[in-house]
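Summary of the model geometry
So you can see what is in the structure, the chains are spelled out below.
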Amino acid sequence: MATLRRDGRVTALQRLGCAGLAGALSLSLTAPLELLTVLAQVGTWHCRRGLRDAGRSLCRTEGVRALWKGNLTACLRLCPYSALQLAASRRLVTLFMDELGHISHWRAIMAGSLAGMVATTVTYPSDVVKTRLIVQNRLEPSYEGILHAFYKIYHQEGLRALYRGVSPAILGAVPFSAGSFFVYINLDTIWQEPVVRFTPLQNFVNGCVAAAVAQTLSFPFETVKRKMQAQSPWLPHYGGVDVHFTGMADCFRQTVKHKGVLGLWRGLTPSLLKIVPYFGVMFSTFEFCKRVCLYRNGYILSPLNYKLTPGVDQSLHPQELRELKLLRRENFEPRKSALEN
C-alpha cells in the first residue's frame, strides 16, 4: 500500500517549475538517443547500417545540430503535458484511494497511466510535429519551424493528421502499466526487504528497471505510432517510412511481413540506453531545484544541503510561514513615539 505524499513546503507552481526544468534538461541531454530511436522506428535510410552509422551519416549530411532536431518541440510540450498529467493524476489517485487515504501500487500505476493517456491525447499534435521535424532533412526542410509545421500539416492534411497514431499511443499504455506493475509487486522479493526501507538509490534503480520493462513491452505500439506520425504523401519519400500501410492494424501487419517480428522493436537499444541518464539527470536536477525553492521559502539554510533552518516549523506551508514571519516582524519592530509623529 502507498499514500499520496507531497512536500507542502514547496508551492504547486514551484513544483511544476522544478519538474519542467528537470525534464527539459533531461530531454536535451538525451535528445540524440531519442532521435536515433525515432529514426529507427520510422525506418529512414539513416538506420540501414546500424545506429552508430546512422548518427555518423546524419552528422555528415546535416551537421551535428541535426542530433537535436525536434528537441525544442519536446521541451515546449513538457510543461502542458506535466501540468495535465499532474492534475489528472491527483484526481484519479484521490478517486482510487480507500477510506484511510491509502492506495495500492496497482491502483497508483493505473491512475498514473490514465493521467498519462489524458495528457497524451490533449498534447498529441505536438508529438506529431516533433516526429515530422526529426524525419525531415534539416538542409532541405519541408517545415521551417514548429508553428509552420502545425500550420502546414493542418492545411495540407487536415486536423486528423495531427492525431494520426493516437490509437497505438493510447493502447500502448496497457502493456506499459502491466510492466510497471510486474516490477513493483516484486520489489520486496528482488531486494529481500520491505519497500518502506528502500534507499533513494534503490528507488532510482527501481524506477529505471520499471521503465525499461514497461518500455520494452509497449515498444511495438510506440513503433507503429511513429510510423503513422511520419507517413505523409506531402513529404519526400512519404516521410521516409520503410513500409506503406493504411491504418494501425495494417501497419503492424506490414511491419511484421517486411521487417519481421523484431522490426516492431527496432530502435529499442537507444531507447533503453536513454533511461539511466534521463532519470538520473531528471531526479538530480529536480532535487537541486527543490532545494533552491526550500531555501527561498526559508526552510533550509543553503541549497547545497538539507540542513534545516533553526526554529522553523517544517509542517507549515510556505504562505503560513511567510505570514508568521510578517507577524513576528511587526511585533518586534519598535513603535514610533507620539513626539516623532
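Here, the structure is the one placed above.
On a predicted model such as this, the values are computed, not experimentally measured, just so you know. (Residues numbered from 1 in each chain as written. Predicted model: local features only at pLDDT ≥ 70, side-chain atom pairs only at ≥ 80, totals over all residues. Heavy atoms only, no water.)

In terms of helices and strands, the protein chain carries 14 helices and two strands. Dimensions along the principal axes, computed over C-alpha positions, put the protein chain at roughly 90 × 55 × 35 Å. Summed over all atoms, the accessible surface of the protein chain reaches about 19400 Å², with 62% contributed by carbon and sulfur. (Helix = DSSP H or I, 4+ residues; strand = E, 2+ residues; numbered from the N terminus. Areas by Shrake-Rupley, 256 points an atom, 1.4 Å probe, with all protein chains shown as cover.)

Nonpolar side chains in soluble globular proteins tend to be buried together. Core analysis: the biggest nonpolar cluster contains 21 residues, and Leu35, Leu39, Val42, Leu58, Val241 and Phe245 have the highest contact counts within it. Looking at this core, the elements with two or more residues in it are α2 (31-42), α3 (51-62), α5 (105-135) and α10 (200-230). The element best represented in this core is α2, accounting for six residues. In contact with phenylalanine 245, other than residues within four places in its own chain, are Lys227, Met228, Gln231, Asp250, Cys251 and Gln254. (Core = buried A, V, L, I, M, F, W, Y, C linked by side-chain atoms within 4.5 Å. Buried < 20%, exposed > 50% of the residue type's maximum accessible area, 1.4 Å probe, protein only. Contact = heavy atoms within 4.5 Å.)

This part covers the packing of aromatic side chains. Enumeration according to the criterion identifies seven aromatic pairs in this entry. Through successive ring pairs, a cluster of aromatic residues spans Phe204, Tyr278, Phe279 and Phe283. (Phe/Tyr/Trp six-rings, centres within 6.5 Å; stacked < 30°, edge-to-face > 60°.)

With that out of the way, let us pick up the layout of surface pockets. If you add up the space inside the second largest pocket, you get close to 430 Å³. Along its surface, the second largest pocket is lined by 21 residues, and Trp45, Val135, Pro236, His237 and Gly240 are the ones closest to its centre. (1 Å grid on protein atoms, 1.4 Å probe; cavity = no way out; pocket = protein on both sides within 12 Å on 5 of 7 lines; lining within 4 Å. Points joined across faces, edges and corners; volume = space filled by probe spheres on them.)

Okay, helix α4 (residues 71-96) next. With 26 residues, α4 extends 35 Å from end C-alpha to end C-alpha; this agrees with the ideal 38 Å at 1.5 Å per step. Of all the bends in α4, the largest measures some 35 degrees and sits at leucine 78, one to four residues before the proline proline 80. Listing the buried residues of α4 in full gives Asn71, Thr73, Ala74, Cys75, Arg77, Leu78, Tyr81, Ser82, Ala88, Leu92 and Val93. The inward-facing, buried residues of α4 contact α1 (12-29), α2, β2 (102-103), α5 and α6 (146-157). (Expected span 1.5 Å × (residues − 1). Bend = angle between axes of the 7 residues up to and from the residue.)

With that settled, the discussion passes to a nonpolar patch on the surface. Together, Tyr154, Leu159 and Tyr163 give the surface a local cluster of nonpolar side chains, amounting to about 300 Å² of exposed area. Relative to the helices and strands, tyrosine 154 resides in helix α6. (Patch = residues over 30% accessible without salt bridge, like charges linked within 9 Å, V, L, I, M, F, W, Y side chains within 5 Å. Salt bridge = Lys/Arg side-chain N within 4 Å of Asp/Glu carboxyl O.)

What follows covers a positive patch on the surface. On the surface, Arg49, Arg52, Arg56 and Arg60 cluster together to form a positively charged patch. With respect to the helices and strands, the residue arginine 56 is situated in helix α3. (Lys, Arg positive; Asp, Glu negative; His and termini not counted. Charge placed at Lys NZ, Arg CZ, Asp CG, Glu CD.)

Moving on to the pattern of salt bridges. Pairs can form between side chains of opposite charge whenever their charged atoms are close. Tallying each qualifying case throughout the model produces 15 salt bridges. Between aspartate 7 and lysine 290 there is a salt bridge, and its shortest N-O distance comes to 3.0 Å. Here lysine 290 lies in helix α13 (residues 275-297) and aspartate 7 lies in the loop between β1 (2-3) and α1, a separation of 283 residues in the sequence. A residue is classified by how much of its surface remains accessible, and lysine 290, at 17% relative accessible area, is buried. Across the pair aspartate 127 and arginine 226 runs a salt bridge whose closest N-O atoms are separated by 3.2 Å. Here aspartate 127, found in helix α5, pairs with arginine 226, found in helix α10; they are 99 residues apart in sequence, far enough to count as distant. By relative accessible area, aspartate 127 is classed as buried at 5%. One salt-bridge network, held together by shared partners, links Glu34, Asp127, Lys130, Glu222, Lys225, Arg226 and Lys274.

This paragraph deals with the side chain of lysine 227. Counting through the fold element by element, lysine 227 comes out in helix α10. Exposure remark for lysine 227: the relative accessible area of 1% places this residue in the buried category. Apart from the residues within four sequence positions on either side, lysine 227 is in contact with Gln41, Val42, Gly43, Val241, Asp242, Val243, Phe245, Cys251 and Thr255.

With that settled, consider the environment of isoleucine 170. Here isoleucine 170 is to be found in helix α7 (residues 166-171). Remark: the alpha-carbon pair of isoleucine 170 and methionine 117, spanning 53 residues in sequence, is separated by 6.0 Å. If sequence neighbours within four positions are ignored, isoleucine 170 has contacts with Met117 and Thr121.

Right, let's get into the packing of α4 against α5. Remark: α4 packs on α5, axes separated minimally by 7 Å, with the N-to-C direction vectors making an angle of 160 degrees. Regarding the angle of α4 to α5, the classification is roughly antiparallel. The handedness of the crossing between α4 and α5 comes out as right-handed. Across the contact of α4 with α5, the residue classes break down as 16 nonpolar, eight polar and four charged. (Axes fitted to C-alpha atoms, helices over the stretch in contact; angles between N-to-C directions. Parallel < 35°, antiparallel > 145°, perpendicular 65-115°, else oblique. Left-handed = near helix turned anticlockwise from the far one by under 90°. Nonpolar A, V, L, I, M, F, W, Y, C, P; charged D, E, K, R; others polar.)

So yeah, pure geometry; function would need other evidence.
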